[in-house]
Structures are given as structure tokens and as C-alpha cells.
Amino acid sequence: MATLIDNFDSYTVGDLDGQGSWSGSLNWDVLTAEFQSSPNSAGNTTGGAGDISKDMTATGTGNQVFYMRSSALVLGVTNHNVRFFEGATFLFFVSLNEGGGSPGDIILEGSGSTIITTWVVNTWYKIEVEWKTSDDTVRARVDDGTWTAFVAVAAAFTNVDKVTLRATALGGSFYVDSFSDPNAGVVTPVASQVFQLMGVGT
């Protein structure tokens, strides 16, 4: 189950703060220059650092899809990330990290760091995260690729209920788009359908 559905497409171009319950740095805007879902994305193109946050539907065990893109990879600087919280308690993030050179590293960070895969500039990456309350862990994958192992989040939690977009200063323009439900449209067959597929009772 996803906890946030938001593609920014219904918002007015300009400050993201105050639109769709987003709140935070005025360095974040609704933009049309780059998008994964037309016509808008959220982006920080100012070169300044800044966080902007939105409350999500509180969800225990669940998952979330979103997209990230950066216009630059600056050694020792770029570490743009999407962060997940319970209230004010940080749990985990996924980042476009400079990684010591091009290509950079896409990192899952909880109580420790896991490199998921690499990234290059001016490319949208589909990120999916899945978390579990039973053992306070999270895993991630990029572009429907291989999942990481489940790793510990930064603190024990009951629900994920807030997301924060964080851009690093002078790290290139950071764009985020298309928070969505990876389970949308997935239909679980009832027993009779399973039996028909197995040829039972036909």
C-alpha cells in the first residue's frame, strides 16, 4: 500500500510551499522544465539547500513509488534525497549521491548505507521502497530491478507518515515526481479463479 499519491500536475507553477499541503523551503517550486508525468514536477533549481515536507497517510507495513532526477553530479557535494519519517523521527531515505565520481550511487540509508545501483545526470529513476514494522526494516529497488536486502531503519516505528524532499546546496538541480501506488490495478484472484486456472472443477 502506498501512502502518498501526488504528481504535482494540478498545481500552479511557482512556489511548491502552500500547495497540496507541502510546506517548507521556498527553494522548491512546481516546474515544467522537467517532468516524469506531464506537465509538472517538483524541483529545486536555485543551487540552495532546502527541505520541503508533506504528511502522508499513516501506513505500517507498506510501499511507495516515486521518481528522482538531478542535473549535475558534483564531487563531494551532490546528495539529493527523499526522506521518510514517523512524525519528527527520521526512518530512511533514498539519495542520488555523488559516489566519488560519475556514475554516482543511488543509496538506501537507514541505520546504515546500502548502494542500490548507479545513476547519471539528466535521467529519471523510478524508486520503489518497501518497509516492514514487524522488524523495523526497509528495502528498495530502482527501475523495477533487483530488490536490496531488507535493512534496518534508523529507529523503531509504527507508521510512515511524512515525506521530505531534500536538495543539497550547489549539488545541481533536483527534481522529484510521480509519488504513486505500486499496487494500483493489482487484482488478487479469488479461490474459484485460481481453481479455474489450475483446471480444477472444469
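Quick note: structure is the one above.
Rules of the game
- Residues numbered from 1 in each chain as written.
- Predicted model: local features only at pLDDT ≥ 70, side-chain atom pairs only at ≥ 80, totals over all residues.
- Heavy atoms only, no water.
- Pairing = 2+ DSSP bridges.
- Helix = DSSP H or I, 4+ residues; strand = E, 2+ residues; numbered from the N terminus.
- Salt bridge = Lys/Arg side-chain N within 4 Å of Asp/Glu carboxyl O.
- Buried < 20%, exposed > 50% of the residue type's maximum accessible area, 1.4 Å probe, protein only.

**Q** Residues and numbers for the sheet that holds strand β2 (residues 23–24), please.
**A** The 7 strands are arranged β2-β5-β14-β7-β8-β9-β10 in an open sheet whose pairing can be described as antiparallel. Whereas interior strands pair on both sides, the edge strands pair on one side only; in this sheet they are β2 and β10 (113–119). Two elements, strand β8 (residues 89–97) and strand β9 (residues 104–109), share 5 bridges in a ladder whose sense is antiparallel. Bridge assignment links Val94 to a residue of β9, and that residue is Leu108.

**Q** Before we move on, could you go through the pattern of salt bridges and cite the residues and values that matter?
**A** Note that side chains of opposite charge can pair when their charged atoms are close. What the rule picks out here adds up to 7 salt bridges. Note that Glu34 and Arg69 form a salt bridge whose closest N and O atoms lie 3.2 Å from each other. Highlighted residues: Glu34 in the loop between β3 (29–31) and β4 (41–44) and Arg69 in strand β6 (residues 62–70), separated in sequence by 35 residues. Given a relative accessible area of 24%, Glu34 falls into the partly exposed group. For Asp144, the salt bridge goes to Lys126, with nearest N and O atoms at 3.0 Å. Highlighted residues: Asp144 in the loop between β12 (137–142) and β13 (151–152) and Lys126 in strand β11 (residues 125–132), separated in sequence by 18 residues. A relative accessible area of 45% places Asp144 in the partly exposed class.

**Q** Which residues make up unusual backbone geometry, and what are the values?
**A** In this chain, Ser38 is followed by Pro39 through a cis amide linkage whose omega measures 10 degrees. Topologically, Pro39 is positioned in the loop between β3 and β4. Across the junction of Ser102 and Pro103, the peptide omega takes the value 0 degrees, indicating a cis bond. Non-glycine residue Phe8 carries a positive phi angle of around 65 degrees. Among the structural elements, Phe8 can be located in the segment before β1 (14–15). With relative accessibility at 0%, the residue Phe8 sits in the buried group. For Asp143, which is not a glycine, the phi torsion comes out positive at approximately 50 degrees.

Spatial relationships are all this shows, so hold off on functional conclusions.
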